[in-house]
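Residue-level listing of the chains:
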Amino acid sequence: MSRVSLSSYKRITVKIGSALLVDRAAGLKRDWLASLVADIAALRKSGTEVLVVSSGAIALGRTILGLGRRRLKLEESQAAAAAGQIALAHAWSEELARHSIKSGQVLVTLGDTEERRRYLNARATIGTLLKLGAVPVINENDTVATSEIRYGDNDRLAARVATMLGSDLLVLLSDVDGLYSAPPAEAADARFIAEVERITPEIEAMAGAAASELSRGGMRTKLDAGKIATNAGAAMIIAAGSREHPLAAIDAGERRTLFKPSPAPVSGYKTWIAGNLEPAGRLVIDDGALNALRQGKSLLAAGVRRVEGRFSRGDTVAVVGEDGIEAARGLVAYDAADAVRIAGLKSGDIEKVLGYEARSAMIHRDDLVMTACHGRTH
Ligand code: GLU
């Protein structure tokens, strides 16, 4: 089994399962949390950014509200999430503060990662927290999400967050230490799988459906998370979190399953931008901007000659050269009315016109896909 060094990754998303953080009788496991936070602080010292996706709100809220072990009605689990989340966030911010690390709570719903406009906003907020040196502490907004439109498990949520923020590693800490050739509770001879090159149907068949008592996601949702992460070019690790210093334990060579990133990541996100939707408008750009795009740069307002169509921030627009030939598509960062006002302006002048500080690009390069074979010769 090859060693992994977590500090060799740039931006790690760590998902913590409820069973690790919450004890049914005693509530929040503070010492364990302190040990995990010490690991996070060490990673940050070595230059690795960390995002946390923390479960445990519902489990903790059950204890706080005295709901016992019985099955909860939807509104009861939502009330539990409300009571639990406030305590959970408090504990995270206190423990991180002991290491002089700032934190910010971000509660997301399914729509925040699946709808373009909200996706851009969520990504900008979390990205800004990281830029400001804070650890984003993320959970699903369980108090308002209704059952049809929620993730329901933080494994897949963490995978979406990881890909949204360009993490190169997703770590799922839970009460299982990795993938076995069959669910160990059902098969005594189950083999441990230390490394997974690719999540094939055979690998998926190993998952079974078991979930632990406190958490929702079993191995199945973990493999779903793995597909999301590895297809987007991130590695994923499943490791047991129940020991103290669970991240340091991975570095020390403790058992875990490593899922390798796909060697040819297809950005589902970019495929989604390029295909599917009819662009809601067009931006006609000058040759300088066109050359910049070809070098993988963002589209700045300065290079935009003309704005056509009625679109909103987050809509797909076509980017065309002065010859009218489509060169790219992307998610525009401004509503059409604002785009018209700032077209041709240098970044420094945009604030004067809009009255607020501009996002630097009309279309960020991460949100931009060059149109293949658009027929232009140069
Ligand atoms: N969002 C849920 C909570 O914080 C946890 C979901 C999960 O266990 O994956 O209680």
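The structure reproduced in this document is the subject of the present report. Given the structure is predicted, the values throughout are model-derived calculations rather than measurements. (Residues numbered from 1 in each chain as written. Predicted model: local features only at pLDDT ≥ 70, side-chain atom pairs only at ≥ 80, totals over all residues. Heavy atoms only, no water.)

### With respect to the nonpolar core
Across soluble globular proteins, you tend to see nonpolar side chains buried next to one another.
Piece 1. Within the largest apolar cluster, 38 residues are counted, with the highest numbers of intra-cluster contacts made by Ile16, Trp92, Leu173 and Leu247.
Piece 2. Element by element, the count of residues in this core is highest for helix H2 (residues 30-45), at seven residues.
Piece 3. Among the nonpolar cores identified, the runner-up in size contains 36 residues, and Leu51, Leu130, Leu179 and Ala207 belong to it. (Core = buried A, V, L, I, M, F, W, Y, C linked by side-chain atoms within 4.5 Å. Buried < 20%, exposed > 50% of the residue type's maximum accessible area, 1.4 Å probe, protein only. Helix = DSSP H or I, 4+ residues; strand = E, 2+ residues; numbered from the N terminus.)

### Let's talk about the site of the ligand
Piece 1. Around the ligand, eleven residues are found, and the nearest of them are Ala57, Ile58, Asn139, Asp142 and Asn154.
Piece 2. Ile58 is positioned such that a nitrogen or oxygen atom in its backbone is 2.8 Å from an oxygen atom of the ligand.
Piece 3. Within the side chain of Asp142, a nitrogen or oxygen atom sits 2.8 Å from a nitrogen atom of the ligand.
Piece 4. For the ligand, whose unbound accessible area comes to 300 Å², protein coverage reaches 98%.
Piece 5. Split by residue class, the shell around the ligand holds two nonpolar, six polar and three charged. (Near = heavy atom within 4 Å. Polar contact = N/O pair within 3.5 Å; in protein donor to acceptor, adjacent residues only side chain to side chain. Areas by Shrake-Rupley, 256 points an atom, 1.4 Å probe, with all protein chains shown as cover. Nonpolar A, V, L, I, M, F, W, Y, C, P; charged D, E, K, R; others polar.)

### Observations regarding the environment of Arg256
Piece 1. Note that Arg256 resides in strand S12 (residues 256-259).
Piece 2. Taking the C-alpha atoms as reference points, Arg256 and Val144, 112 residues apart in sequence, are found 35 Å from one another.
Piece 3. Of the polar contacts made by the side chain of Arg256, one reaches the backbone oxygen of Ala194; its length is 3.1 Å.

### Examining the sheet that holds strand S10 (residues 195-196)
Piece 1. Here we have eight strands laid out as an open sheet, ordered S5-S6-S4-S1-S7-S11-S12-S10, and mixed in their pairing. Edge strands, defined here as strands with exactly one partner in the open sheet, are strand S5 (102-108) and S10.
Piece 2. Sheet analysis places strand S7 (residues 169-174) next to strand S11 (residues 235-240), joined by six bridges and oriented parallel. Its bridge partner lying in S11, Ser174 is registered against Ala240.
Piece 3. Running at roughly 150 degrees to strand S6 (residues 134-140), helix H6 (residues 116-131) makes contact with strand S1 (11-16), strand S4 (49-54), S5 and S6 of the sheet. (Pairing = 2+ DSSP bridges. Contact = heavy atoms within 4.5 Å. Axes fitted to C-alpha atoms, helices over the stretch in contact; angles between N-to-C directions.)

### Examining the pattern of salt bridges
Piece 1. Under the counting rule described, the total for this entry stands at 20 salt bridges.
Piece 2. A salt bridge links Asp338 to Arg341; the shortest N-O distance between them is 3.1 Å. Placement of the pair is Asp338 and Arg341 together in helix H13 (residues 336-342), with a separation of three residues, close to one helical turn.
Piece 3. Exposure remark for Asp338: the relative accessible area of 16% places this residue in the buried category.
Piece 4. For Arg341, a relative accessible area of 43% gives the class partly exposed.
Piece 5. Through salt bridges with shared partners, a single network forms among Arg30, Glu94, Glu95 and Arg98. (Salt bridge = Lys/Arg side-chain N within 4 Å of Asp/Glu carboxyl O.)

### Description of the sheet that holds strand S17 (residues 326-331)
Piece 1. The five strands are arranged S15-S13-S16-S17-S19 in an open sheet whose pairing can be described as mixed. Across the chains shown, the open sheet's two edge strands, defined by having one partner strand only, are strand S15 (304-309) and strand S19 (368-370). Adjacent strand axes in the sheet meet at a mean angle of 20 degrees, parallel and antiparallel pairs treated alike.
Piece 2. Pairing geometry for strand S13 (residues 281-285) and S15, over five bridges, is antiparallel. Counterpart to Ile285 in the pairing with S15 is Val304.
Piece 3. Packed on one face of the sheet, helix H12 (residues 287-294) meets S13, strand S16 (316-320), S17 and S19 and runs near 105 degrees to S13.

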